[in-house]
Amino acid sequence: MRDNSLARYLINLGHDVTMLPAYLPHLLDEESVGAEKNPVFFGGINVYLQHKFPFFRKSPKWLDDLFNHESLLRWVAGKRGMTTPRQLGEITLSTFQAMEGPLAKEVGTVIDWFRDHGQPDVLILSTILLAGVGRAVREELDIPVISFLQGEDGFLDSLLPEFREEAWSLLGSDARTLDACISPSQYFAKHMAGRLGLSENNIQYFANGITLDGYEGACSKPDYPTIGYFARICPEKGLDLLIDTFIELKVSGDYPGLKLSIAGTLPSENRCFLDEQKNKIYNSGFTDEVKIKTNLSRPEKISFLKELSVFCVPARFPEAFGLYVIEAMAAGVPVVLPDHGSFPEIIGETNGGLLYEKSEPRGIFNGLNDMLRNTGQAEEYGEQGRLAVHKKYSNEQLAKELVENILAPLVSTK
């Protein structure tokens, strides 16, 4: 979604931008800039088959195209348990090996597509996990290749131990061949420099941004104070911690009208987790005070955010950025966040909310309690955050900065 929004504004500036989906068709909440017209590269089904069975490494194009059909890929994406943890680790290594591994045909397909449709001035990888592909493209086409860093450490560290070290080693080797790596936060730049064996000077900072269309206008003040959560529904984002804190606030009796609104994408593997949270809410007797929605459209998302009094995603692990924080601030909602990862940077840039110590047992409770109790200060945080996001995190402005500060210098040296 971030890439589609950024591409839209690059096109508005007069640049010719092509988005190429990888693994699965793009899932967007904004109008596509045209990615649906392009083939899916490294389609999930083809990657699995070519990794596992040598026959499919030489299969005809018509068969590959069949397995890359959008409806088939979306159907498979909705399934759970399609690969074992071991298979996931093996496929990851195959992807990183690029032309030297079992997925060489897929890498060659990307290169051939560029040759047939026009060689670009620069290739931007949406994630460093595609660095092996970027290395091959750079070697074959002699064009600059850069890559965004987007929180890939969590995925790599989740691999089985027998694959984890080699995956980091291969990825670091490939990343060092690229012309630039781009981090959305200073925290993540330093973190990934160490993990990938890169110099911090080789990682440039470029914030994530959003499209601000639809965020204009004042928030709809709720009739009752409302805590909001908008992120992927999973344990890693700390939804269970927020629900526990909400129940504690309700039991305290200080906020009898307090509501909790939850929204976000729900991966199939986390349905049981959400059911557990619903049971917890039911057993506490507060079912009527909690609303849960999944897979909102863009207008629904903006409307949801504008109706909140305070926003909180108590992520258990440090975030590379946290685009949901910027979305909440754009709607004028003050935030309460754990004091780790990129969050201190965002709060420092925007002054749009409070941080709490993750190690403090009642950190979330105290942060939300302060925000709910001091409504005047909360409104001030909300307005400060809104103004800062419109000034610093608009993709309309960031697209210009990307061209001037990163892309133009690279292209001019070629």
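Above this text you will find the structure in question.
All values reported here derive from a predicted model rather than from experimental measurement. (Residues numbered from 1 in each chain as written. Predicted model: local features only at pLDDT ≥ 70, side-chain atom pairs only at ≥ 80, totals over all residues. Heavy atoms only, no water.)

Peer 1: Could you give an account of the environment of I143, with specific residues and numbers?
Peer 2: Locating I143 in the fold gives a position in the loop between helix 7 (131–141) and strand 2 (145–148). Separated by 117 residues in sequence, I143 and L260 place their C-alpha atoms 50 Å apart. (Helix = DSSP H or I, 4+ residues; strand = E, 2+ residues; numbered from the N terminus.)

Peer 1: Lay out the nonpolar core with the relevant residues and their values.
Peer 2: Of all hydrophobic cores here, the largest spans 60 residues; its most connected members are I227, L305, F311, Y324 and L368. Core analysis: the next-biggest nonpolar cluster, separate from the first, contains 42 residues, I91, I111, L156 and W168 among them. (Core = buried A, V, L, I, M, F, W, Y, C linked by side-chain atoms within 4.5 Å. Buried < 20%, exposed > 50% of the residue type's maximum accessible area, 1.4 Å probe, protein only.)

Peer 1: Describe helix 14 (residues 323–330), naming the residues involved and giving the relevant values.
Peer 2: Counting buried positions over the eight residues of helix 14 gives seven, a clear majority of the element. When we look at burial in helix 14, the residues that qualify are Y324, V325, I326, E327, A328, M329 and A330. Looking one or two residues past helix 14, G332 carries a phi angle of roughly 80°, positive in sign.

Peer 1: Quick rundown of the sheet that holds strand 9 (residues 335–338)? Include the residues and the values.
Peer 2: Read from one edge of the open sheet, six strands run 7-6-5-8-9-10, paired in parallel fashion. The two strands at the open ends of the sheet, each matched to only one other strand, are strand 7 (290–294) and strand 10 (353–356). For this sheet the average axis-to-axis angle between neighbouring strands, irrespective of direction, equals 20°. Where strand 8 (residues 310–312) and strand 9 come together, two bridges link them in parallel fashion. The residue bridging F311 from the neighbouring strand is V335, located in strand 9. Taken strand by strand, helix 16 (residues 363–373) contacts strand 5 (226–230), strand 8, strand 9 and strand 10, and its axis lies near 160° from that of strand 10. (Pairing = 2+ DSSP bridges. Axes fitted to C-alpha atoms, helices over the stretch in contact; angles between N-to-C directions. Contact = heavy atoms within 4.5 Å.)

Peer 1: Could you give an account of the packing of helix 7 against helix 9 (residues 161–175), naming the residues involved and the relevant values?
Peer 2: At a minimum axis distance of 8 Å, the contact between helix 7 and helix 9 shows a crossing angle of 35°. Pair helix 7 / helix 9 crosses with left-handed handedness. Contacts between helix 7 and helix 9 involve A131, G132 and R135 on the former and, on the latter, L171, D174 and A175. Residues belonging to the contact of helix 7 with helix 9 are distributed by class as follows: three nonpolar, one polar and two charged. (Left-handed = near helix turned anticlockwise from the far one by under 90°. Nonpolar A, V, L, I, M, F, W, Y, C, P; charged D, E, K, R; others polar.)

Peer 1: How would you sum up the pattern of salt bridges? Please name residues and give values.
Peer 2: Within this structure, the stated rule accounts for 22 salt bridges. Its salt-bridge partner being R74, residue E70 comes within 3.0 Å of it at the nearest N-O pair. Of the two residues, E70 and R74 are both situated in helix 4 (residues 70–77); the distance of four residues between them amounts to about one turn of the helix. Residue E70 is classed as partly exposed on the basis of its relative accessible area, which comes to 41%. The class for R74 is partly exposed, based on a relative accessible area of 35%. E100 serves as the salt-bridge partner of R135, at 3.0 Å between the closest nitrogen and oxygen. Here E100 lies in the loop between helix 5 (85–97) and helix 6 (104–117) and R135 lies in helix 7, a separation of 35 residues in the sequence. Residue classification places R135 among the buried residues on the basis of a relative accessible area of 12%. Salt bridges here are not isolated pairs; linked through shared partners, they connect E100, R135, E139 and D174. (Salt bridge = Lys/Arg side-chain N within 4 Å of Asp/Glu carboxyl O.)

Peer 1: Describe in detail the pairing of strand 5, supporting the description with residues and values.
Peer 2: Among the five residues of strand 5, five are classified as buried, and the element is accordingly described as predominantly covered. Relative to strand 6 (residues 259–264), strand 5 is paired through five bridges, and the arrangement is parallel. Bridge pairing in strand 6 links T226 to K259. Taking the sense of rotation as the criterion, the β-α-β connection linking strand 5, helix 11 (residues 239–252) and strand 6 turns out right-handed. With two bridges joining them, strand 5 and strand 8 adopt parallel strand pairing. (Right-handed = clockwise from strand over helix to strand, strands pointing away.)

Peer 1: Now, about the sheet that holds strand 3 (residues 180–183): what can you tell me, with residues and values included?
Peer 2: The strands making up a sheet associate through hydrogen bonds between their backbones, and the pairing can be parallel or antiparallel. Read from one edge of the open sheet, four strands run 1-2-3-4, paired in parallel fashion. Strands at the two margins of the open sheet, each flanked by one partner only, are strand 1 (123–125) and strand 4 (203–205). Each adjacent strand pair in this sheet contributes to an overall mean axis angle of 30°, direction not counted. Pairing of strand 2 with strand 3, which is carried by three bridges, proceeds in the parallel orientation. Paired with I146 across the strands is A180, a residue of strand 3.

Peer 1: Explain helix 10 (residues 186–196) residue by residue, including any values.
Peer 2: Residues F188, A189, M192, A193 and L196 constitute the buried set of helix 10. Seen from one end, helix 10 has its buried residues packed into an arc of 135°, which puts them on one side. What points out from helix 10, more than 90 degrees from its buried face, is the exposed set K190 and G194. Each element contacted by the buried residues of helix 10 is listed here: helix 8 (153–157), helix 9, strand 3 and strand 4. (Arc of directions from axis to C-beta.)

Peer 1: Run through the side chain of S185, naming residues and quoting values.
Peer 2: Summarising the element assignment, S185 is placed in the loop between strand 3 and helix 10. A relative accessible area of 1% places S185 in the buried class. Dropping the residues within four chain positions of it, S185 is found in contact with Y205, A320, S342 and E345.

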